[in-house]
Structure formats: structure tokens, C-alpha cells
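Examining the three-dimensional arrangement
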Amino acid sequence: MASFNQRLQTALDSDLAFAFKRSPVAMTATTIFALLAIAAVLAPLIAPYNPFDPATLNLMNGFTPPMEANEFTGQTFTLGTDDQGRDVLSTIMYGLRISLFVGVAAVLFAAVLGVTLGLLAGYFGGWVDTVVMRIADVQITFPSILIAMLIFGVAKGLTPVEARDEMAIWVLILSIGLSEWVYYARTVRGATMVEKSKEYVAAARLANRSPLAIMFGHVLPNVMGPVLVLGTIGLALAIIAEATLSYLGVGAPPTQPSLGTLIRVGQDYLFNGEWWILFFPAVTLLALALSVNLLGDWLRDALNPRLR
Amino acid sequence: MTQSPVLSVTDLVVEIPTRRGVLRPVDSVSFDIAAGEVLGVVGESGAGKSMTGSAVIGLIDPPGRIASGEVRLNGARIDNLRPSEMRRIRGKRIGMVFQDPMASLNPLLTVGDQLEETIQVHLGLRRAEARKRAIAALEEVGIPAADRRIDSYPHEFSGGMRQRVVIALALAAEPEMVIADEPTTALDVSVQAQIVALLRRLCRERGAAVMLITHDMGVIAETADRVAVMYAGRVVEIGPVREVVGAPSHPYSVGLMGATPSTSGDAASERLKQIPGAMPRLLSIPSGCAFHPRCPRAFDTCDREAPPLLRSGSSLAACWLCSPDHQHLVQSATLPEAIE
Amino acid sequence: MLAFVIRRVLQALGVLLVVGFISFCMFQFMGDPVEGLLGQEATEEQRRELIERLGLEDPIPVQFVRFVGNAVQGDFGLSYRLARPVSELILERLPATLELAFVSAIIAMALGIVLGVFTAINRSGFAANFIMTASLIGVSLPTFLIGILLIYVFSVQLGWLPSFGRGETVEFFGWRSNLGSWDGLRSILLPAITLGLYQMTLIMRLVRAEMLEVLRQDYIRFARARGLSERAVNFGHALKNTLVPVVTVTGLQLGSIIAFAIVTESVFQWPGVGFLFIRSVEFVDVPVMAAYLLLIGALFVVINLIVDLLYFVIDPRLRSDRAGSH
Amino acid sequence: ETLRWARAGDSLTLDPHAQNEGPTHTLAHQIYEGLLQRDMAGEIIPALATDWAVTDDPKVWRFNLRQGVKFHGGEEFTADDAVFSLKRAMKPTSAMKELLASVADVRKVDDYTVDIETVGPNPLLPNNLTNMFMVDEGWTTANDAVEPQDVANGGENYLVRNTNGTGAFMMVSRAPDEKTVLKANPDYWGKGEFPLEVTEIIYTPIQNSATRVAALLSGEVDFIQDVPVQDLERADAQEGLKVVKAPQNRTIFFGMNMGDSDITADNVEGKNPLADVRVRKAMNMAINREAIQKVVMRGQSDPTGVIIPPFVNGWTAELAAYPTPDIAAAKAMMADAGYADGFAIRLDCPNDRYINDEAICQAAVGMLGQIGVTVNLNAQPKAQHFPLIKNKETDFYMLGWGVPPFDSEYVFNFLVHSTTDKYGSWNGTRYSNAEIDALVVSLATETDTEKRNLAINKIWETVQSEQLYLPIHNQILNWGMKDNINFDVQPEDQPHFKFMTFSN
Amino acid sequence: MTAGPRPALVRADHLGRVFDVSKPWLNRVLEGEDRKLLHAVTDVSFEIAPNEVYALVGESGSGKSTIGKMIVGLLQPTAGDIAIGESPRTGRSTRLQMIFQSPFASMNPRWRVRDIIAETIADPSIDRGARAGELLEKVGLSAEDAEKFPHEFSGGQRQRIAVARALAADPDFIVCDEPTSALDVSVQAQVLNLMRDLQEELALSYLFISHDLAVVRYMADRIGVLYLGRLVEDAPRDALFAEPLHPYTRMLLEAAPRLDAFGREAPPPQGEIPDPIDPPSGCAFHPRCPLANRRCKTEAPRTLALENRCVACHAVEEGRSA
Ligand SMILES: Nc1ncnc2c1ncn2[C@@H]1O[C@H](COP(=O)(O)OP(=O)(O)OP(=O)(O)O)[C@@H](O)[C@H]1O
Ligand SMILES: Nc1ncnc2c1ncn2[C@@H]1O[C@H](COP(=O)(O)OP(=O)(O)OP(=O)(O)O)[C@@H](O)[C@H]1O
Ligand SMILES: [Mg+2]
Ligand SMILES: [Mg+2]
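Procedures and definitions
- Residues numbered from 1 in each chain as written.
- Chains lettered and ligands numbered in written order.
- Predicted model: local features only at pLDDT ≥ 70, side-chain atom pairs only at ≥ 80, totals over all residues.
- Heavy atoms only, no water.
- Near = heavy atom within 4 Å.
- Polar contact = N/O pair within 3.5 Å; in protein donor to acceptor, adjacent residues only side chain to side chain.
- Areas by Shrake-Rupley, 256 points an atom, 1.4 Å probe, with all protein chains shown as cover.
- Helix = DSSP H or I, 4+ residues; strand = E, 2+ residues; numbered from the N terminus.
- Nonpolar A, V, L, I, M, F, W, Y, C, P; charged D, E, K, R; others polar.
- Axes fitted to C-alpha atoms, helices over the stretch in contact; angles between N-to-C directions.
- Parallel < 35°, antiparallel > 145°, perpendicular 65-115°, else oblique.
- Left-handed = near helix turned anticlockwise from the far one by under 90°.
- Contact = heavy atoms within 4.5 Å.
- Buried < 20%, exposed > 50% of the residue type's maximum accessible area, 1.4 Å probe, protein only.
- Pairing = 2+ DSSP bridges.

On to the site of ligand 2, then. Residues and elements named next belong to chain E. Lining the immediate environment of ligand 2, one finds 14 residues, of which Ser 60, Gly 61, Lys 64, Ser 65 and Thr 66 sit closest. Separating an oxygen atom of ligand 2 from a side-chain N or O atom of Lys 64 is a distance of 2.8 Å. Between an oxygen atom of ligand 2 and a side-chain N or O atom of Thr 66, the distance comes to 2.4 Å. Out of a free accessible area of 630 Å², ligand 2 has 67% covered by protein chains. Looking at the shell around ligand 2, the elements that each hand over two or more residues are β2 (37-48) and α2 (64-72). Top element by residues in the shell around ligand 2 is α2. It accounts for three residues. Residue classes in the shell around ligand 2 are distributed as five nonpolar, six polar and three charged.

Here it is, written out as C-alpha cells:
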């Protein structure tokens, strides 16, 4: 048990940590991401208002500029309010929650699905491989937007209207996840085929290990590097995809706006001077995606042994 | 060996700054190679052989660099030339052959493209002439039907043929000096013999000096005129091949030869001699003589001071045992047969 | 190679069939074409008549078979909304989208490759690092936001470039082109940049990564050791080898350029197929939507095929007879 | 002057009898003309008919045609063309036939006189003729287009893409959804009668409202319809631009299923909360119409308490009065009705049909939330929304209703009468009252205006006391244009460019 | 081939392995090609006695690894049988172990050494940690090393770990596939010595695969020479080196560089190994063979059993080889 400190120490001494401490970009990106994530996770505790509870909204607060008192109600909001009188700051925090939740869940979903299929395809080859890769081919024919619209269409037809708002988030996760798994599957399949031919797998077979034990015990840990990089970049992609879908009106419901929904709403007010409705969510989205992308980028370089 | 050397390396130091400190893969290396002479460079993996070769031809990847020392080609310094000038020397006056013939050729260009390109750059010929020269070069390295094969892509050749192409490329401009970095490691024994013979024949015909880098003692013994043994970035012994291979002075050379199994002799059933431990990493090179922790005959001076190359017979060895001050040690204990 | 092509074509047909089925099914769930077609005040009788005429009451497999059969002949029926043959509608608008995609792809590829090579060669230089970091902003900004920003800055604030539409077009052999007039060129600039920016960053980053990989290869060292100039090494040897993976990704990106044109076209009011698609979704114009999805599927498949064939051109290893054995 | 004009949608077809739809008529009006037309104030004025009157037979209207009018193709306009055009508009594939349902026959009297006979006396016939365009008989027949385009069946004919009208403008080129160019008709009969200052029209549909506004702001177009309310101020304030407004003939309201004993869209088992008039009244009381007007509509609406705009016969100020929002009183009424803890219900709402439709619904969600009605908003495109109402699949929905004949009867027929074959097709409230139904039916044949108006009043009283609908507001139309354009907003949202003038 | 003096521990009987390297079906149909079969191993028979080291030598692609994998059961033979002890072998057995060529690829880099070694421990009653430490000490490392990861060791140390892992299954027989070809001479000597010591101490049998005649000479009791998947000569070590019978064996011996042959300039052997998919007719070695005659081109030689050794060569059979 003394090994925890020891392990921590090992982790801190590891190449990755070393590279991390040396990279101001990585540190800044992590800080920004952490701040945004904390704001999202703690939103119900720290946000000044709850924008998702329509009964608490006062429409008369609508379009209040940042730091100015509303002309009817006299209330003041740090980042102003949107068209429904929602506090933009609180809405961004809650919107971040949705964006992050959808992003993380979509990535997890895509990764689990893609990694599993990739492992199976790469390890067993043959018809398993053919089937998985042909599905991937079809899948890749549809860009994520179309996949999402498709799933939305289907989900819309299948779910009762009452359930739609709750379903919306899960449908987003499903559709983004489904459009991304191919990348994991392809990467993992390739890496698995490389790993499979390595002698340690033969050694494990000699020890009478089952294929599943070999796949998950031996191969999986060794293909996780690229998966980690893909996952980080995929997180940024998923966040942007969610925003785009919500922007197109097939994402998060208007009563529970995500960053994309906020931008869609805000875009209508760009030309008339009510810039804050678009600006703050857009900047937040950019900061979120950028920090994740920077991290992914850095991670890719840091994990690449040849660049070290 | 009285004529002036084609290549002369003096106190060459290569440094690579890394985040864990500055590495010295090559440390105060000196040697000469005369025209028509083959200098074999042996040593275990990581000893700095390739790095020395790269330093000579000026191809050390940044951030690595030549920190000090001189490289002279026919008397003129080449280690401080501008890139454009160095480029004119590379390929033209110094040719280089790498280990892996599979990887040395650009897979997307035909063999002819790569040959003609090189010939045009160095000899300033027109395309048609360059092509003729290229075919001739291929014939010379023993590629049958060269005029047809010239338009083939590298993958259409077997490993041995590919290495012949690489040699043709390296020698296309008739350089005075050839550096062959493990030219046969990736090949089978029967092909290895062919390639070594080819290299030796071509260089002899052209009077080129050859630096033959390998870790195969046997190849060195059969091919080289002189041998330099490297250990942890330094030349520990250099001298005529018969002496260094047959009767080495440095304990490391002794160990190396003893550890090499052989197809001849009678010692087949006897144990191989073995040197304990392994070569140190560049980050933790021991003080003094780098070999002293593994050396069965180390004494107190060895871990304090690095030995210079000292004369021992007709070769030079970097070992305090060869120093006149320590001759008594040599005499008192005749070299033990087995170092274990 | 013939076998390869045939196999690819067969695969492509399989993919298209699946795509067709999906697109067909998808629209079974979306909206009610009858309402879209007849409007608010139609009588029950009219509705029944229409349902019958469109065959909307047949079992789904029957409808699908009919759909495929017609699709094969290029007949996607008539648009519910515009009452014109879908194939004609699509053909009419395809040039706008293809041209937009083409210009975006050119911008993306030209800039992407140049910047990628630049950042790879000057790996640790300030400019390269700056470009690399800035490029991340490119991949972090959603397309729609880029479009809005460009319009805001270049049309509304500066008034330099048009904010919508194709502007003046010139007709060459029945192909209406933006590239023939100054106004047309001005009009295509903002949408093309919007659409191409993301792909450009992707291509640039890919080229850089591949180039760095290639520059580490032995044959590059060997080329240097033969005294070839940096230029010959970087462009004659390294770039060519970089192109193999870049071609695939660029090919795939071209496909997604066309698909992502949906967003750009709707922001810039670009009269292309993507715009047609969005309008059709609003009106639940099933034939147009189905045809669009099939078109995208077909484009992807064709592009993939071309990419695969390009491989043969670029990489001699694939051309050899021994490709099957290793 | 060249006029660059943009609006959200494009004309659906050029065949003037194939679609009964605003934007389609707008374009047609520039090219074709009817016997009569509405001017920019909405008044009926002569067009191809110079005068008209009921003959001695109250079932026959006589129209005297304008002489010397030429089609763009050079053919002269005569009574034959008028008879042909009206008959064409009555063909089964015509979308205009419902408007001529009362017409029994159309007869040529002489070359410049036409009689229209109706089934019964129809004093309102001219109202139905303003969008009834005249085509040339010879040209149409020669091009094999006697039958109007069969839109429902995906048909096509020569007229879909070719035009030959008598109007002030002629087609130069057209790419649907993209760009249409018209130029002035040099031989127009109305020279001297209309300003005719516009010489060329370049019409570009721009669906995205931000882009449309951007186009106006950046000067790429001169005139746009449907300015988003939030940009009115900016557009108006911008140097060289102005916005003109007028009330529109359209009211926005919510409908509630009060007729069924249980409904599916709520969370109450075995009961229909909307069936209780106290609940409906409470909900009406919870809606803050002024907040919607101020914030959502930026003042561009007239809050109202009745589902007809003021120009419609039957409208009174009392009907239009609406309660001030009173959450406490509303809650009390909810408690009275047994819903002290409220209930949940789904609200179906279009998101691409009315001005800020989705935002209004969202606002309502918040307001109703304050009296304990938890509303799940289902906003979707009109193509999916309207079938819900027609198929009676929604229990709480938004709808907007225009009244082209300017009479309450039209509203009652569609929205108040219980749903039968002929009536109540848009009555999503499932309200059914035999007495009221009988009254509604009687309006059609009642010729005594006073009696008729009394009946109308009676019906409205019931509608209001039953709180059949939750009215929100009447929409206000606005057009944005260059400062130098003089143009009034037409209440039907139909710009007739021949009336446009420029001041320099 | 020959029945040894002792009962054989491992017997390979007319072993063969064919790989299908044909192009996909469609290509073959269109291009009118036949199925392409690669005969990696053809008709190979040998026996390994208990406590004997049997070596297979041959150049790259001669089928050495394929035979090794078939013996341990990683590959199924397409022809012939393998018998372990008395019974024909069924399935894989942990009593047969293998040591691989690459000290880097043969160990999962994410696993601790203890787990790597323990994975092969077959007996569940054994305390794995203790056993791993024990084995590490046996191969000259320390028990504490069990906690480390493979990358913390040098190549030679890793090969020792590989030996420890093989020993963990308590095997009688270990296939060593070029275990030292990735190592430096000084380290190679350590590993070879260790393997020899263990073989004696634990009475193991090895199938020792190598392309290096010198190493084989040091390790093996008996040597089989492979050329293009066929066993061309099989002889006790000393006999083979003293008097190689097959021309290929002679060529190999000739070509091997020697430490004491300074400046030797023997003419190098001719030609390269042919394409195994399309091997020469008759005796596969005939294009490179100085003794080849017409018969060699057409007729594959049978295996000639001589006293204590065998060889497959027409020239030897006809007595032309002297
Ligand atoms: N870019 C680099 N960064 C850090 N260390 C390096 C780099 N390149 C080489 N080295 C180290 O320099 C030392 C000398 O390497 P070099 O390639 O010259 O060895 P070598 O004797 O040729 O070995 P081999 O027989 O394996 O080819 C090695 O320890 C190697 O790890
Ligand atoms: N899985 C496989 N599929 C197809 N061909 C194979 C396969 N494995 C081996 N071969 C072929 O079988 C032949 C023998 O291969 P093997 O690996 O046994 O040779 P080897 O003697 O071990 O060579 P090396 O010294 O290079 O390890 C070779 O030609 C090889 O290409
Ligand atoms: Mg080297
Ligand atoms: Mg092998």
C-alpha cells in the first residue's frame, strides 16, 4: 500500500508528466478546460439562476445588456439576458453541462463501440473483419450531420412527443457517437493487427489464454495510446457536432439550450447590437473546443515516441 | 599507409542536447583512413559507430551536432562547411551505404529515377547520358539485364539486388571515400558474402577509402585492413586487423572476440567467454574508463581517469594497462584466458 | 487492377443499396408529404387520392423496390414541393454545389499542402508553431460560426464582399459557373472559405504529420547522403511520399465538403443541392431528400473509387503483381 | 430604376392558377392581372375590368373589360380570354377553384363584356376575383396548357415556366429559389395611371433571416419583406434605410382540446383538465401579452383577446379586450378547478411559420409554468405541425389565422363549427355545440346584414365566454427598404411594384 | 528421420505447411491465374531426444519459424504429424514452451515482469509472485525485478526474462526461435551460456532455430539444414561441420565469415534464394548448385539415410560430391 505514493511519484516522473510540465500550451489549455468543466459540473450550485426552469423566468428581463439594469424590472445580469429573459451566464454554465455531457458521453460511446469492434475485427480478421469494415464503409459514407439527422428523424418517429426533450440528449449522444466510432474502429483495428503479430501475443497463446483474455488483457492496453488521442480530439469534434446540430435545430431542446442552441438564438440578434447573446456562448464554445484540441494535439505529440 | 590519409578524423565529439542532459554518443574519436584502405569499425549496438559515420558525412539529425574536433577529407576540413558546400561533397566525394536496403530506396521512384537524379546532380550530365551512366552503374554492381531493370521500382528487386542498387547509388559519382554502415546486417549469409565482396572489389578498383561499420567480427576479420573497436562513444582500440582481432590488447576487445562463437576451431564444446553486464547508457557513462565496471582487470586508476590511446604492439589501445607506468601490472598477471 | 476496380464497384453498389435503404427508411418517419403538398384547406377526398397516386399505402418493401428501380433509371419521381422531376432539380443545382465544393477543396488543398509542408520543414520555427496553434482555432470553430463571422465582418461591417447567393454567373456549355465573372468570383469567396477552412486545417495538419514521418525515413537520409538538394529531398522525395495518405483523407474530405455544404449553403443562401435539401426537409419533400442522400452516398463512393485508383497511379507497389502476397 | 427585392420564400410556380399561396401570387401579380385587384391599401380597384355591377338578376355579375390591352406576346385581351381564364381557374386541377365554388357559369356577352352567374346571390364575389389572373386563350391553348398544372400529381405544363400576362412587368429570366429577373412592360396599359417607376426587378429569395437582413444592410438588395423584428430598429436606424409597417390580417393564438373527456398530451389520468373552463380562463389570465409584445415582438404586434384582427366584420373593442395577467387569481381558479398542484401538458408549436412563433411558445411555457402548468414544448416545422391539428392529434397548439374575406363567418366555418365534412376542419378544440353550429351555418344564407351581425355577435360571445382559444396578438407586417423608396405596406403582404415610387 | 538411440521426446513426421497466398477470387478469375500456394515447409521429419538440443539452420524464409510454431501448436500443420513423447499431440500444451526472437516484441510492455512470468504458470496451487522471483533469480536477475516493467531492462536482460517465462510452465521442451539474433555478441554469449546451463541443469530439450552457423555449432547436438522448406541435411554437429555433405551446407559454411580468415577472398556463393511461391523444379537448390546435372533439374532428391545422418542430394547419392 505504500505503493500509492510511489505510483503517484512514478506518474509524476513519467515522460508524459515531464512533457506536460514543460509545455505552457498544455498547462494553459488544461487550466481553461478545467475551469469550464468545473463551471459546468457545479452549475446548479454556483449559477446565479436556473435557466432550465421556465417558471422562474421573467420575460420582461429579455435582452438585458451585460451589467446594465433592465428597463422594466431593474434587474442586472453579469453577461446580460437572452430573448427569453434567461441570464446568459447561468445559461452558458448549464449549456456547458449539456455540451460537455453530450461530448463526453458520445466519445465514450463511440470509443467503447469502436474499440470493441476494432479489436474484434483486427484480432479475428476474416469475415468478422469484413463485416465490421464494410459497416464502417457505409457509415463513413454519411457525414456526421446526415447521420445525426437520420437518427433524429427515426427517433422522432419512434418516441412519444413527451419523451422527446429527455430523449434529445440521448439521441445526440447516440448520433454523434455513431458517426465517430468508425475512427476508433479503424485505428484500433490497425493497431490490433500490428500488436497481434507481435510475439507477446503468441506467448500468451502458448500460456493457453482465451482470445478474449488476450484481446482485452494484452492488446487493448497497447492500443490505448492512439485511442486516447482520438478521444481527446473526438471530444472537441463531438462538442462542435453537438453545437452544429443544435444550431440546425435538431439538437438540445430550446427550453434546455446548449451552447449551439444559444448561438442559433443569438445569431438572430447579431445585427441589431444585442451582441452578447451570441458572443459569450460563441467564445465559450471556442474556448472549450480549443482547449480540448490543444490538449489532444499536445497529447498526440507527447505520446509519439519518435517526437520525444 | 605512408601516403596522406583520405579521411582524417581528430578528436571528434558529437553531442545531443536532450531534456535529461547532453548526450555524447561520440567522444574524442580519432582515426585516419588511407586511399584503398578498409577501416572496419566494430562495437556493440549503441557504441556510436553510426553516429561517427553520420558526423563524417555531416548528416547528424538536429539537435545533435559536432561539438568539437575535426574531419578532414584529403586534408581539407569538411566539418564546418556550409550546407550547400557539404551537399556537393556528399554523394560526390563521400558515398554512404545504409543498413536496410528495403528502407534506403524511395519506393515511389524507379531505380533509374533515383540513379539519374544523383548522377545529374553530381556530374552535371544531361538526362540521356545520365541514363547511360546509370545503366553502366547497375551493370557494374552485377544486376543482370540492367537496361531493362533500370525502370523497375525498388520493390521489384530482392533484398540482395536492392543492396546492390544502393551501392550503385552510393558509388555513382565515384567518391574517394565510402562509408558503409552495416551494409549486410539485413541480408542472409550467402548474400552477405556477395555484397561484401562487391563492395571490396569496387572500392579497390577505384582506390576509394572505406569505412566499414559492422558488429560482425567475422566480416571485419575477412574484409578490413585496420579495425577500430568502439565502446560507449570512444575508440578503445585501433590497429591492423590481425592484431586487433587475433591478439587484442584492450580487455573489451579481448572479451568481444572471446564471446564471438565461431564455425571453426575446436572450442565448440567449450563455454563462450562472457563479459558481465552490458554497455552503459549514454546518460550514465561511468567516470574514468567507461569499461571499468565490466573490466576484470580494472584497478584504481581506471575509475578516475579516462585512458588515452596508448601504443600496444602495432595498434593503439585506450587502456591504462598499456601505459608504461602500468607495465608491471601486465607482467605480473598474464592475461587470463577467461574473463568471467 | 481490373479485378480491383470490379470489386470496388461491387462494394460501392452494396454501399449504395444500404444507403438507399437507409435514406428511404429515414423518410418513412419524417412528416407527412400529403400535408406538405396539399396545404391547409384540402379535402379528405383529395388527400386519399394523392396517397393512392403516390403509392404511400403500399407495403414498405414494395415502395422500396419501386424506389430502387426508379432510382437506377435516374428517376426519383417529382418533388412534392416544386412539382418537378427531382433529377432535374438536382442537376440544376448540382453545379453550384460542385463549384463551391471544388473551389473550397482547391483552397483547402493548396493552402493546406503549402502550409503543411512549411510547418513540417520548419518544424521548430516560430512561424510554424504559430500556424500550428492558429490552425487549432480553425478546427475549433464550427462552420456556421465562421460563416456568420465572415458575413458580419466582410459584408456588413466592411461591405467588401456579397453576403449571399451566387451573384452573376456565366454559362459554359450549360454549366452555370461563378468562375467566369468578377462578381461571381467575389460571391464564391466567402462561402468557399467558410466551407474550406476546416478541411484546410485538417489537410495541413495531416500533411505536416505525414511529412515529418516521411522525413524520418531512411530513404530520405539516403537521399541527403547522396547530396541531393534540400529542395529535391523535400519536394521530389518527401512530398511525393506524403501524398499517398493525404490523397485518401483529402478524397474523403471532399465528400464531407459536399455534405457540409448544407450548413454553408444555408448560411450564405447558396443555391446548391444542400440548400435544396434543407428546404426539402422543411417541406418533407421525400423524393428530393432521398435523392440527395443517395447522391451524397454516390459521390462518396465515386470519390473513394477515384482515390483508390489514384493509389495505383501514385504507388507502384500496388501496381505490382505480387500485391497479394507478403 | 432597378429594384432588387428579397423575401424569405419563392413563388412555387408560374402557372397563375396552380397554387393559392402568398409568395406565388406576389410574383404573378407583377406579370399577370385579374379583372380586379387590391391596391396597396387593400381596396379593390379596377384592373382588366373597368367597372362591374350586379345585373337585374341578383345571381349575375356583369364586368366591362378594358379595351386595347395587349398581352406581353402582343395578343389582344378580350372577353374570350376572360371566360377562358375563369373557366381554367375552375378546372379540377386548379388551386383557385374553391374561390369560384359559387360560380355557376361564365359567359361572354360581347368582346368586352363578361357575365358571371353564381348559384345563389353572392354579394362578395368581387372579393374572390382579385387573385384570379387572366391568361391568353390562344397562347395557352397553342401550348397545350388548358388544364392548370396538376401540382398534387407532380404535373407540369408550359405555363409553369413561361409567362404571357398583361401586367406591368415581363419575365426576363428565372432560376427557382435563386433569382428571377423582370423588366417593365413597354406597352403597359396603365401608363399614366400608375407610377411605373420601377423598370427592372431582380427578385432573390433569401430564406435565412440574418442573411436577408445582412443583404439589406450591406446594400445588396433594395427591398425586403419579412424583416426580423429584432432588426427593425437597426435597419430603420441605418443611414439610407427605412422600415414601414402595417397591421396584418392574421391573429396568433393557442387552441386547447376542451371537447375530449381525456387527453393524451397531459399527465392527468382519466380527466381532461382543459375541459374545465376555469382552467382555460386561468391559463388565459396567466399569459402576459404585453410582455410578449414588448420583448418577443419588440412592439411589432397588437395584443388581443379575440382571434380576429380589427378589419374583420364582427370585431369589437370589447371582444379584443384581454385580462391583465394575474398569477394569484389564476392560481386560485386552478385550485378551484381542482388543479392546485397544476398539471403537465404538451404544447405543439410551429417554428417556421409565424413571426417568432417558437419564441412566443417558449414565453408561454414560462408564463404557464407560474400557475403550475408544466408545458413541454414541441416545436417543429410547419410541415409536421399542421397535420397534428388537422388530424386532431394535438391537444394544445399554436395556430395563426388570416381572414381574406374580412368576415367572421370564414373564421367560424373553420375554427368554431364542430368538425364535419364541410365545416370545422381546423377546429382543434373539439368544441361541439349544435346551437352554435346552426347559427354558423345560417350566416351563409342570411342576407339581412343586421340579423347576420347579431348572429355573429352571439357566436363571438359564446366563443369568448367558453374561452375556446387563447388569443395572443395580431401580427404586424413590415417591409424594409431604401430610404428613397416610397411604398406602403399592403395588408395582404402583396407588394405591387407598379405602385412604387422613388424620391431622389 | 532416424531412430535415435533413445526414445524421442518430440517427433516430427513428414511435416508440411502450405500457405495460401492467392489473390482474391475475382482477380484470379479475371486474370486467369491459379491459386498460389506457398509451401513454407515440405516433408520435414526429425526427432529430438530428451535432453538433446536439435538445431534448425537456414536462410531467411526457409521455414524455420514455421516448423517451430507448428511444434508448439501456434500453427496447424497441413501435412504430417507431430508426436510429443508417446502420444500424438493434441492441442497446445504448456509443457512445450517457446522463446522468441525479439526481446522487445515478446513481452507486453504494459505488464509487470511478475505478471508476464506468472501468466505461463500452469499450476494454480503455486504462489505466483514467489515463483516469479525464484525464476528471475535462476536466470541471473534479482527477485525485485519482478515489479518492474520490461522497458526498464536491456535486451539481454529481457531475453533472460523470456527464458524465465518459458521455464515457468515447467516444460520439458523449449523451442528457441533465434533467441539471440537481436542481441550484441557480448550479451549473446551471456544468454547462450545461460541457456546451455539451464538445459543441463533441468534436463531440457531444445529446438534451437538460428541462421547463424556459429551459434548453432555452439548450442546444438544435432543440426538440420533447411532450404526452401525442405530438410536437406540432418546430422550430428561435429559430423556436419567436419564433413558437410550437401552442397548447400557446404555453401553456407563457406560463406560464413570467419574470425581467423583474415583477408580471405574466396569467390562468393552464386545467386539468391528463389521465390518460395514458384520454386525451381527438381531439387530446389539446383540453380545455385555447382554439382547440379540434368537429373537435379527434374527430379526432387529423396532423403538418403546414412549412418547417423541423412542428406537429400542426387550428387551425394551418385557419389559425385567428393
Ligand atoms: N537522436 C538521438 N537522441 C538521443 N540519443 C541518440 C540519438 N541518436 C542516437 N542516439 C544514441 O547515440 C548512441 C550512438 O548511436 P549509434 O547509432 O551511433 O550507435 P551504433 O553503434 O551505430 O549502434 P547500432 O549497432 O545499433 O547501429 C546510442 O546510444 C543512441 O542511443
Ligand atoms: N502467415 C503466413 N502467410 C503466408 N506466408 C507465410 C506466413 N508465414 C510464413 N510464410 C512464408 O513461409 C516461408 C517460411 O517462413 P518462416 O517464417 O518459417 O521462415 P524463417 O526460416 O523463420 O525465416 P526468418 O529467418 O526470416 O525468420 C516464408 O517464405 C514466408 O514468407
Ligand atoms: Mg548503427
Ligand atoms: Mg523466423
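Once the structure has been displayed, the description carries forward.
Our focus in this paragraph is the packing of helix α9 (residues 199-206) of chain A against helix α10 (residues 211-248) of chain A. All names here are of chain A. Two elements in contact, α9 and α10, have axes separated by 11 Å at closest approach and are oriented at 165°. The angle between the axes of α9 and α10 places the two elements in the roughly antiparallel class. At the point where α9 passes α10, the crossing takes the right-handed sense. Contacts from Tyr 200, Val 201, Ala 204 and Arg 205 of α9 reach α10 at Ile 214, His 218, Val 219 and Asn 222. Residue composition of the contact of α9 with α10, grouped by class: five nonpolar, two polar and one charged.

With that settled, consider the pairing of strand β9 (residues 226-231) of chain B. All names here are of chain B. β9 sits mainly inside the fold: six of its six residues count as buried. The two faces of β9 match: Arg 226, Ala 228 and Met 230 on one face and Val 227, Val 229 and Tyr 231 on the other face are all buried. Examined bridge by bridge, strand β3 (residues 38-42) and β9 share four bridges and lie parallel to one another. Its bridge partner lying in β9, Gly 40 is registered against Val 227. Hairpin connection between β9 and strand β10 (residues 234-240): a loop of two residues separates the two successive antiparallel strands, and Ala 232 in this loop has a positive phi of roughly 50°.

Purely geometric numbers; function is a separate question.
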